[in-house]
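Observations on the model geometry
The residues making up each chain are set out below.
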Amino acid sequence: MFAQLHNRYEALLNENNFVTDLLATVEEKTGIQKKYIASGVLSLISLYLLFGYGASLLCNLIGFVYPAYLSIKAIESKKKDDDTQWLTYWVVYGFFSIAEAFSDIFLSWFPFYYAGKCLFLVWCMAPVTWNGSAILYSRVVRPVFLRHQATLDSVVNNLSDKAKNMADTVTKEDRLECNQKLRVATTQSS
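Everything quoted here is computed from the prediction, not taken from an experiment.

Glancing now at the environment of E177. Tracing the backbone shows E177 in helix 7 (residues 132–189). For the pair formed by E177 and I75, sequence separation is 102 residues and the distance between their alpha carbons is 43 Å.

So, in structure tokens, the structure goes:
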């Protein structure tokens, strides 16, 4: 398994993208192989997540920036599979964020919480067959959603109707207020 991960790591470093281009430039200027540069940067990020101030921000950036970039690329591609992959990630990310909002105040006191959270988010976005988002979606989110879909649809429709009614009321009130101001302005100018 370690050899497989090492081979995947090497393959990622040889792909053609912004990060590998940047690593190649640094390699040219320093003479240090890009695999050592990447390993050093990953080690520094890991240490920062373990011991650094603001680890929450770094962890959230890792869980957001890379997936957002690949989501945009997926939207622009003609394939449907990558759209489904990133939609699944964002659904799981959303559920995790809601659960974390209630538990973060307690969990953040645990040592290495942000390192664990970051590993969880990386697992959820990893391009592997045992991708966390796919597993959690198929085993947790989807069954719960299918069991409660009718109730959720009813709540969403009810909220949509209330929002539409509120928007209509506000629009009518604005029109009445505008007409009243127009009448007052017309009366005063006469």
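Counted by the stated rule, this structure contains eight aromatic pairs. Ring geometry for F64 against W90: centres 5.6 Å apart, planes inclined by 65°, an arrangement best described as edge-to-face. A residue pair is termed long-range when its members are at least 10 positions apart, and F64 in helix 4 (residues 55–76) and W90 in helix 5 (residues 81–107) qualify at 26 residues. With 5.6 Å between their ring centres and 70° between their planes, W86 and Y89 make a pair best called edge-to-face. Of the two residues, W86 and Y89 both sit in helix 5, three residues apart, roughly one turn of that helix. Relative accessible area serves as the criterion here: at 1%, Y89 is assigned to the buried category. By way of ring pairs, the aromatic residues F64, W86, Y89, W90 and Y93 are connected into one cluster.

Further remarks concern a nonpolar patch on the surface. Nonpolar side chains collect at one region of the surface, where L44, L47, L50, F51 and F112 lie side by side and expose about 530 Å² of accessible area between them. The topology assignment puts L47 in helix 3 (residues 34–51).

Mapped onto this structure's residue numbering, the UniProt feature "transmembrane region" (unreviewed entry) falls at residues 45–69, 90–114 and 120–137. Structurally, residues 90–114 comprises 80% helix and 0% strand, and the distance from its first C-alpha atom to its last is 19 Å. In the segment residues 120–137, helix accounts for 67% and strand for 0%; the C-alpha atoms at its two ends are 14 Å apart.

Once that is clear, we can look at the nonpolar core. Judged by nonpolar contacts, the single largest core of 16 residues is most densely connected at L49, C59, W86, Y89, Y114, L121 and M125. Of all the secondary structure elements, the ones that give two or more residues to this core are helix 4, helix 5 and helix 6 (113–125). For this core, the element with the most residues is helix 6, which contributes seven residues. The contact partners of C59, leaving out residues within four places of it in the chain, are L49, Y114, K117, C118 and L121.

We now examine the side chain of K34. With respect to the helices, strands and loops of the structure, K34 is situated in helix 3. The charged side chain of K34 is buried without a salt bridge, its nearest counter-charge being E27 at 5.1 Å. In contact with K34, not counting residues within four places along its chain, are L13, N14, T20, L23, A24 and E27.

Between its first and last C-alpha atoms helix 6 spans 19 Å; for 13 residues at 1.5 Å apiece the expected length is 18 Å, and the two agree. By the burial criterion, the buried members of helix 6 are Y113, Y114, A115, K117, C118, L121, C124 and M125.

Cut-offs applied
Residues numbered from 1 in each chain as written. Predicted model: local features only at pLDDT ≥ 70, side-chain atom pairs only at ≥ 80, totals over all residues. Heavy atoms only, no water. Helix = DSSP H or I, 4+ residues; strand = E, 2+ residues; numbered from the N terminus. Phe/Tyr/Trp six-rings, centres within 6.5 Å; stacked < 30°, edge-to-face > 60°. Buried < 20%, exposed > 50% of the residue type's maximum accessible area, 1.4 Å probe, protein only. Patch = residues over 30% accessible without salt bridge, like charges linked within 9 Å, V, L, I, M, F, W, Y side chains within 5 Å. Areas by Shrake-Rupley, 256 points an atom, 1.4 Å probe, with all protein chains shown as cover. Salt bridge = Lys/Arg side-chain N within 4 Å of Asp/Glu carboxyl O. UniProt positions renumbered as here; feature names shortened; annotations may be inferred. Core = buried A, V, L, I, M, F, W, Y, C linked by side-chain atoms within 4.5 Å. Contact = heavy atoms within 4.5 Å. Lys, Arg positive; Asp, Glu negative; His and termini not counted. Expected span 1.5 Å × (residues − 1).

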